[in-house]
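Fold and contact review
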Amino acid sequence: MSNRRLRIGFIPLCDATALIIAADKGFAAAEGLEIDLVREVSWANIRDKLNIGLFDGAHLIAPVAIASSLGLGHVKVPIVAPFSLGVNGNAITVSPALYASIAAAAEGSIADPLVTARALAKVVATRKSRGQDPLTFGMTFPFSTHNYHLRFWMAAGGVDPDEDVRLVVLPPPYMVESLANRHVDAFCVGAPWNSVAVDLGIGFILHFVSEILPRAAEKVLAFRSRFARENPEQLAALVRAHGRAADFVEDPANREELTSILAAPNRIGVAADVLRRTFDGRLKVSPDGAVRTDANYLMIGREGAGRPDPAQAAWLYAQMVRWGQAPLSDEMCRAAMAVFRPDLYDAALGSAAAASPGAIGAFTGPVFDPGNIAGHLSSWRIGRVPAG
């Protein structure tokens, strides 16, 4: 196995934790690997540097891995993902003004995503009748879980995300500043940036993504297919190192050391207590200190979270089709699913590491069936499905 140093890019987010810990706690070194972690700001930077080979691997948002492999929105570069760096972890955060408007319009518990989606539709209609500008929501990339989570939620309440609101792309670390400057009314982003907005008194966490999709693939450890093909031993060693790192992350006894490592300016760079809330699944959701708990807010390794699930890739591809980013094609769906490589995960960590991830459900609608994307597209109320 070559001992050359590997350059791996990451964004300062909590779902980069297994990668950071694999490098900083010596799990990669124990596998004979030397890793240089490169902190980036935007997903476009990560994607481009991975695609042209400036990075050997990357902490990558799952839909970008699929889009690159399918040649959507950019050049076609086949990607493989042998390890899932995070399941869940996103949240929708809104300004105090928008929170008050949604709460006033809500008919039922504001903790229910369907109630808030319908309330949002009322807010949108009222603004339109008054000639006010559309609400603006920040998300991290057109091919992103954040984009699809926002759209899934909005559309369930009758809001057309392409006609009734504005969706704008912002790098994750810039979400908070954009909300503070009133450039956006809300955003969907991964931890810890939602909590940072709440702590600053400028945002309310409206929903965890785990309340919209109980199990949502978020980030993957991604490599160009050529790298994976030419370096199978390095790839297996990286998966093993990340498996050990994920076990370390999930052990509550390691929380203090873990959050101290992540708080460093060249890693995630926010206060350790904010990070601790994320891993404990106990988050302050409003400036007045209200707390909401969800044990599955962010899953790094437990319950099979590290094992890539091709059904999750199919769900993401279905969202691309729903919103007009991709044509409906059995061949493309198979190619999307092939990006997620549980076989490589199992080969590196052993069959005992495999776990059944369970069905993909949502707060509304039937359980997702990867074999019936056309049926789901016809049942989803709003979308941009291409004709034919």
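Each remark here, short or long, concerns the structure printed above.
Below, the structure is looked at part by part. Bear in mind the structure is a predicted one, so any value in this text is a computation, not a measurement.

1. As for the layout of surface pockets
In this structure, the largest pocket spans a volume of roughly 350 Å³. If you go around the largest pocket, you meet 19 residues; those closest to its centre are Ser-95, Ala-97, Leu-98, Arg-127 and Asp-185. Classifying every residue of the lining of the largest pocket by side-chain character gives 10 nonpolar, 4 polar and 5 charged.

2. Remarks on the sheet that holds strand β10 (residues 217-224)
The strand order β2-β1-β3-β10-β4-β13 describes an open sheet built from 6 strands, whose pairing is mixed. Across the chains shown, the open sheet's two edge strands, defined by having one partner strand only, are β2 (35-39) and β13 (298-299). Where helix α7 (residues 145-156) meets the sheet, it contacts β3 (57-61) and β10, and its direction lies at approximately 150 degrees from that of β10. Against the sheet, helix α11 (residues 232-250) contacts β1 (6-10), β2, β4 (79-88), β10 and β13, and its axis sits at roughly 5 degrees relative to β4.

3. Section: empty space enclosed by the protein
The full count for this structure, using the stated rule, is 2 cavities of 30 Å³ or more. Its boundaries defined by the atoms lining it, the largest cavity holds a volume of some 100 Å³. Contributing to the lining of the largest cavity are 16 residues, with Ser-84, Val-87, Ala-217, Arg-307 and Asp-309 lying nearest its centre. Among the elements of the structure, β4 and β10 are those that each provide at least two residues to the lining of the largest cavity. Looking at which element gives the most residues to the lining of the largest cavity, the answer is β10, with 4 residues.

4. Structural notes on the packing of aromatic side chains
Considering all chains together, one arrives at 8 aromatic pairs under this definition. An aromatic cluster of three or more residues is present, and its members are Phe-152, Trp-315, Phe-363 and Trp-380. Lying over the aromatic face of Trp-323, Arg-151 brings its terminal NZ or CZ to 4.9 Å of the ring centre. The positively charged end of Arg-292 is found above the aromatic ring belonging to Phe-208, 5.3 Å away from the centroid.

5. Observations concerning the sheet that holds strand β6 (residues 136-139)
The pairing of strands in a sheet comes from backbone hydrogen bonds and takes either a parallel or an antiparallel form. Here 5 strands make up an open sheet; going across it, the order is β7-β6-β8-β5-β9 and the pairing mixed. The sheet is open, and its two borders are formed by β7 (166-169) and β9 (204-208), each paired with just one other strand. This sheet shows a mean twist of 25 degrees between the axes of neighbouring strands, independent of strand direction. As paired strands, β6 and strand β8 (residues 186-190) are joined by 2 bridges and run parallel to one another. Bridge pairing links Phe-137 to Ala-186 in β8. Together, β5 (90-94), β6, β8 and β9 form the strand contacts of helix α5 (residues 96-105), whose direction differs from that of β9 by roughly 60 degrees. Against the sheet, α7 makes contact with β5, β6, β7, β8 and β9, and its axis sits at roughly 145 degrees relative to β6, the strand it touches most.

6. Description of the environment of Leu-98
By secondary structure assignment, the location of Leu-98 is in helix α5. Residue Leu-98 is classed as buried on the basis of its relative accessible area, which comes to 4%. Beyond its immediate chain neighbours, meaning those up to four positions away, Leu-98 contacts Leu-120, Val-123, Leu-135, Phe-137, Asp-185 and Ala-186.

7. Side note on unusual backbone geometry
Geometrically, the link from Ala-191 to Pro-192 is a cis peptide bond, its omega value of 10 degrees lying close to zero. Locating Pro-192 in the fold gives a position in the loop between β8 and α9 (193-199). Positive phi, close to 60 degrees, is recorded for Arg-182, a residue that is not glycine. Among the secondary structure elements, Arg-182 is positioned in the loop between α8 (175-180) and β8.

8. Section: helix α4 (residues 62-70)
Judged by how many residues are buried, α4 sits mostly within the fold: 9 of 9 residues are covered. Within α4 the residues assigned to the buried category are Ala-62, Pro-63, Val-64, Ala-65, Ile-66, Ala-67, Ser-68, Ser-69 and Leu-70. Phi turns positive, to about 75 degrees, at Gly-71, one or two residues after α4.

9. Things to note about the pattern of salt bridges
Applying the stated criterion across every chain, the model contains 22 salt bridges. The partner of Asp-164 in a salt bridge is Lys-128, and the shortest N-O contact between them spans 3.1 Å. Remark: Lys-128 occurs in helix α6 (residues 113-129) and Asp-164 occurs in the loop between α7 and β7; sequence separation between them is 36 residues. Residue classification places Lys-128 among the exposed residues on the basis of a relative accessible area of 53%. Among the charged side chains, a network of salt bridges with common partners joins Asp-199, Asp-273, Arg-277 and Lys-284.

About the cut-offs
Residues numbered from 1 in each chain as written. Predicted model: local features only at pLDDT ≥ 70, side-chain atom pairs only at ≥ 80, totals over all residues. Heavy atoms only, no water. 1 Å grid on protein atoms, 1.4 Å probe; cavity = no way out; pocket = protein on both sides within 12 Å on 5 of 7 lines; lining within 4 Å. Points joined across faces, edges and corners; volume = space filled by probe spheres on them. Nonpolar A, V, L, I, M, F, W, Y, C, P; charged D, E, K, R; others polar. Pairing = 2+ DSSP bridges. Helix = DSSP H or I, 4+ residues; strand = E, 2+ residues; numbered from the N terminus. Contact = heavy atoms within 4.5 Å. Axes fitted to C-alpha atoms, helices over the stretch in contact; angles between N-to-C directions. Phe/Tyr/Trp six-rings, centres within 6.5 Å; stacked < 30°, edge-to-face > 60°. Lys NZ or Arg CZ within 6 Å of the ring centre and 35° of its normal. Buried < 20%, exposed > 50% of the residue type's maximum accessible area, 1.4 Å probe, protein only. Salt bridge = Lys/Arg side-chain N within 4 Å of Asp/Glu carboxyl O.

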